[in-house]
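Here's the letter readout for the chains.
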Amino acid sequence: MRRLELGKLALDADERAAYLDGSEVPLTVRKFNLLSYPKKTFTHSAQMDKFWDAESNSGLRTVDVYIARLREKFAACDNFEIVIVHGMGYKAVLK
């Protein structure tokens, strides 16, 4: 089993599932993938390259929408947050 523990948040790569305090948090594959790289800073364009396919008509602002939704889903998680790295993009960090 490939499992990543981030405080109260657990990501299970085999199940492609996220758990907060033991309860599953429903996530799309793309949202799961965005969370799967803790402490790594991604620019908007790097996120688009890595997590969206080449045929996607989505713009760079799409990343902001996904990040906002992830922040909402994990607002109750007091050990983990997604932060802005000014001039770069976003990264997931432990508090």
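One can find the structure itself at the top, above this paragraph.
The present account deals with the structure reproduced in this document. (Residues numbered from 1 in each chain as written. Predicted model: local features only at pLDDT ≥ 70, side-chain atom pairs only at ≥ 80, totals over all residues. Heavy atoms only, no water.)

**Re the pattern of salt bridges**
Rules: Salt bridge, as used here, is a side-chain nitrogen of Lys or Arg placed within 4 Å of a carboxyl oxygen of Asp or Glu. A run of H or I in DSSP becomes a helix once it reaches four residues, and a run of E becomes a strand once it reaches two; helices and strands are each numbered from the N terminus. The rule is simple: take the accessible area with a 1.4 Å probe, protein chains only, and divide by the maximum for that residue type; under 20% is buried, over 50% is exposed, in between is partly exposed.
Counted according to the given criterion, the structure contains four salt bridges. In this structure, Lys8 engages Asp78 in a salt bridge whose closest nitrogen and oxygen atoms are separated by 3.2 Å. Of this pair, Lys8 sits in the loop between strand S1 (3-6) and strand S2 (9-12) while Asp78 sits in the loop between helix H3 (61-73) and strand S6 (80-85), placing them 70 residues apart in sequence. Classification of Asp78 as partly exposed rests on a relative accessible area of 44%.

**A closer look at the environment of Asn33**
Its location among the elements puts Asn33 in helix H1 (residues 29-35). For the pair Asn33 and Lys50, spaced 17 residues apart in the sequence, the C-alpha separation amounts to 9.2 Å.

**A closer look at empty space enclosed by the protein**
Cut-off, in case you're wondering: Definitions used throughout: a 1 Å grid over protein atoms alone; a cavity as a set of points that fits a 1.4 Å probe which cannot get out; a pocket as an open set with protein on both sides within 12 Å along at least five of seven lines; a lining residue as one with an atom within 4 Å of a point. Grid points are joined across faces, edges and corners, and a volume is the space filled by probe spheres set on the points. Residues were grouped as follows: Ala, Val, Leu, Ile, Met, Phe, Trp, Tyr, Cys and Pro as nonpolar; Asp, Glu, Lys and Arg as charged; and all remaining residues, including Gly, as polar.
For the structure shown, the criterion picks out one cavity of 30 Å³ or more. What the largest cavity holds in volume is close to 80 Å³. Taken together, 13 residues form the lining of the largest cavity, with Leu34, Gln47, Tyr90, Lys91 and Ala92 sitting closest to its centre. Mapped by element, the contributors of at least two residues to the lining of the largest cavity are H1, helix H2 (44-51), H3 and strand S7 (89-94). By residue number, the principal contributor to the lining of the largest cavity is S7, which donates three residues. Split into classes, the residues belonging to the lining of the largest cavity amount to ten nonpolar, one polar and two charged.

**A look at the sheet that holds strand S3 (residues 17-20)**
Our working rule: By the convention used here, strands pair only if DSSP detects at least 2 bridges between them. Only the contacting stretch of a helix is used when fitting its axis, a line to C-alpha atoms as for every element, and angles between N-to-C directions run 0 to 180 degrees.
In space, the four strands of this open sheet follow the order S1-S2-S3-S4, with antiparallel pairing throughout. Edge positions in the open sheet fall to S1 and strand S4 (23-25), since each of these has one partner strand only. For this sheet, the mean inter-axis angle between neighbouring strands, taken without regard to orientation, is 25°. When S2 meets S3, the two strands line up antiparallel, connected through four bridges. Across the sheet, the residue bridging to Leu9 is Leu20, located in S3.

**A closer look at the side chain of Asp64**
Operational definition: Residues adjacent in sequence count toward polar contacts only when both atoms are side-chain atoms; beyond that, a polar contact is any pair of N or O atoms within 3.5 Å, and within protein one must be able to donate a hydrogen and the other to accept it.
Along the chain, Asp64 turns up in helix H3. A polar side-chain atom of Asp64 sits 2.5 Å from a polar atom in the side chain of Tyr90.

**Re the pairing of S2**
Every second residue of S2 is oriented toward a common face, with Leu9 and Leu11 on one face and Ala10 and Asp12 on the other, all of them buried. Between S1 and S2, which pair antiparallel in sequence order, lie two residues; one of them, Gly7, sits at a positive phi of approximately 65°. Linkage of S2 to S3, two consecutive antiparallel strands, is achieved through a turn of four residues, within which Arg16 is found at a positive phi near 55°.

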